[in-house]
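Residue strings, one per chain:
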Amino acid sequence: MRRKHFKKYKRKTIGMRRPKYKRKKRLRNIFIGVVILLIVAAFAFALIWGLTGREQPPEDQTPINTGEKPIVSETPEATPTPTPTPSPSPTTEQVDISMPENDKTIQKVEANTITGEIMSQGQQVDTFEREDPIQPDGTSELEGILTYRQNDMRNSNLSSQLTVSGNMNFSTAFEAALENNIAVDRNFEFAPLVVSWDSQTISHMNVTDEIKERGSLTEIIFAGSDGLIYFFDAQSGQASREAIDVGVPFLCTPTLDPRGYPILYIGQSAGPSGVGSNEEIYMRAYSLVDGRRLMRVGADERDEFALNAIQGNSGAPIVNAASDTLIWASQNGIIYTVKLNTSYNEQTGQVSMDPDRTVKYRYQVANAGAKNFSIKLSPSLYDHYLFFVDETSRLHCIDLNTMELMYAVKLQADASAAPLIYETETGLYVYTATEAVEKEGGSFAATLTLHNGTNGETIASVDIPLQEGDSIKSIALGDSNVIVNTVGETSSILSFRKDNLEAQGSTPLEGTTYGDIQLLTDSSGTSYIAVITQEGTLSLLDENGSVVKEQNVGNNVLSAPVFWKNQLYFVTDTQLIGLQVS
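Everything in this summary refers to the structure shown in the same document. Each chain carries its own residue numbering, running from 1 in the direction its sequence is written. Per-residue local features are limited, in this predicted model, to residues with pLDDT of at least 70; the limit for side-chain atom pairs, both in listing and counting, is 80 or more; totals at the level of whole chains, interfaces and linings are taken over all residues. Side-chain measures were taken over the full set of non-hydrogen atoms in the model, leaving aside hydrogen atoms and water.

## So, unusual backbone geometry
Residues apart from glycine generally show negative phi values, whereas peptide bonds are mostly found in trans. With a phi close to 65°, Lys104 is a non-glycine residue in the positive phi region. Comment: elements are numbered from the N terminus, with helices defined as DSSP H or I runs of at least four residues and strands as E runs of at least two. Residue placement: Lys104 occurs in the loop between α1 (22–52) and β1 (114–120). Accessibility here uses a 1.4 Å probe with only protein chains present; expressed as a share of the type maximum, an area under 20% marks a residue as buried, one over 50% as exposed, and anything in between as partly exposed. On the basis of relative accessible area, Lys104 is assigned to the partly exposed category, the value being 24%. Not every positive phi belongs to a glycine, and Leu501 is a case in point at roughly 60°.

Written out as structure tokens, the structure is:
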């Protein structure tokens, strides 16, 4: 505190001085002067002793704290000029993720409330053993995005390794008109596929003459609610071949044969009269040599083995190359497997299929209505185990070689995203996500859960506050985080640690999303989250959810963005749009 300084005033002597006291006054003045000199000398001696006589602590020793308050000097010492601290360099150090270990062996856990039943070749059987066992496939023979979320575990989000980095810009490469307006329900999985065909396969295909002469083709494929399967040349944006007119609405993502065979597999979301109709529901396969239908499995009205009257195959099917088997889950609550007996001659381009040995698995849950025995989302495959989520709010795991239930665990609500399987050297894990349900106190929240993949037990879970009717749309894996996007009247991107689901970041979007989020890396190895809102805002975010770039690229966007070879593709209600990334 600043001290107050008061001005000293001399006291005045009042009256006339008297001459008879002059001598006495001189003596008194001399005496006072001597006293003042003695006082000054004593003060000087004390000061010198205090500065030199006391022992000082050595420079490398801290003075003993006596407990007394420090004395503040009346005149503050000058503040030294600070040495500038260098700005911290950007770090690429990853968060230390520590997943709880397990031996990756799927365990049989009795589920007393669930019973499973098997039908093989039209006959209900008590036990089953597959003649050609489902086995891990390994690497695909085709380059591209061949199914929903790129692989059977639904965990491969790095759809492209871009050859650009830094401040990325997006410019329109093409805008290709669709033959009809299409629509998509935000609760379904809708994304285009991208595939690069080799010159020999191209020579056999019913593609345009220009493409055959060129000898190269990266093709974009998707199916619409108008009943057409569309094919576009990624280079020009022109139709690469005539669309296949199936005549039934699609609200799903197809699958390409990973063996390199020119075959497309696609489920059917509804009957010819539209969404909600159950007649003539099938799983189909088409030759991409000439557009012929190679396979159709389903029912004109209803599968008699189904407990649920609702039909529809809205999830992406799985092709197991090792056993030549097609696997899919249906909204009627049945898991189907079909031996395909596929033949393809690379030299002549002749392709054929003779499906047989259809095997079905259905389940019942005590105290649950049959209408809830329904599987809307894509199943996921690990080794020979199929993971799926249903409308009884459960995660199921079955052994496809015996069609036996291994375990089933209750979720907080109906699932809203396909189960994502994550494998490390020391463990197997599954992430699930749900719709928002009412919690204690009247608020609504959706739940993201990390499960032990061997038995379904919960390792960690987190509630995400949302509005009634909202949900978590998709799950993606980054280097150290798991990222989700929510859908409702508005959408958000949220990031959590992989191992304990500790929140890392949250970013609201301007609008809502119909498509999934995608992850990609640039040429420097930096990872990004990419998402497009229905209103047409493309956002790039870092793994913690902080916005790096935003750009308006269209409107009425229905699909997830797909990155491939420095280009981005997405589908609106009237167009396929391609953007060049630079």
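Let's pick the thread back up.
## Side note on the packing of aromatic side chains
Stacked, edge-to-face and tilted labels apply to pairs of Phe, Tyr and Trp rings (six-membered ring for Trp) whose centres lie within 6.5 Å, assigned for plane angles under 30 degrees, over 60, and everything in between, in that order. Counting across every chain of the model gives eleven aromatic pairs. A ring pair is formed by Tyr261 and Tyr344, whose centres lie 5.6 Å apart and whose planes are at 50°; its orientation type is tilted. Placement of the pair is Tyr261 in the loop between β10 (255–256) and β11 (263–266) and Tyr344 in strand β17 (residues 342–344), with a sequence separation of 83 residues. Look at Tyr344 and you get buried, because its relative accessible area is 13%. An aromatic cluster is defined as three or more aromatic residues linked by ring pairs; in this entry it consists of Phe190, Phe222, Tyr230 and Phe232. Geometry around Tyr282 places Arg296 over its ring, the cationic atom sitting 4.0 Å from the centre. Over a ring means this: the NZ of a Lys or the CZ of an Arg is within 6 Å of the ring centre and within 35 degrees of the ring normal.

## Digging into the pattern of salt bridges
Just to be clear on terms, a salt bridge is a Lys or Arg side-chain nitrogen sitting within 4 Å of an Asp or Glu carboxyl oxygen. On inspection of all chains with the given rule, the structure shows 18 salt bridges. A salt bridge links Arg214 to Asp233; the shortest N-O distance between them is 3.0 Å. On the criterion of sequence distance, the pair formed by Arg214 in helix α3 (residues 209–214) and Asp233 in strand β8 (residues 228–233) is long-range, its members being 19 residues apart. A relative accessible area of 27% means that Arg214 is categorised as partly exposed.

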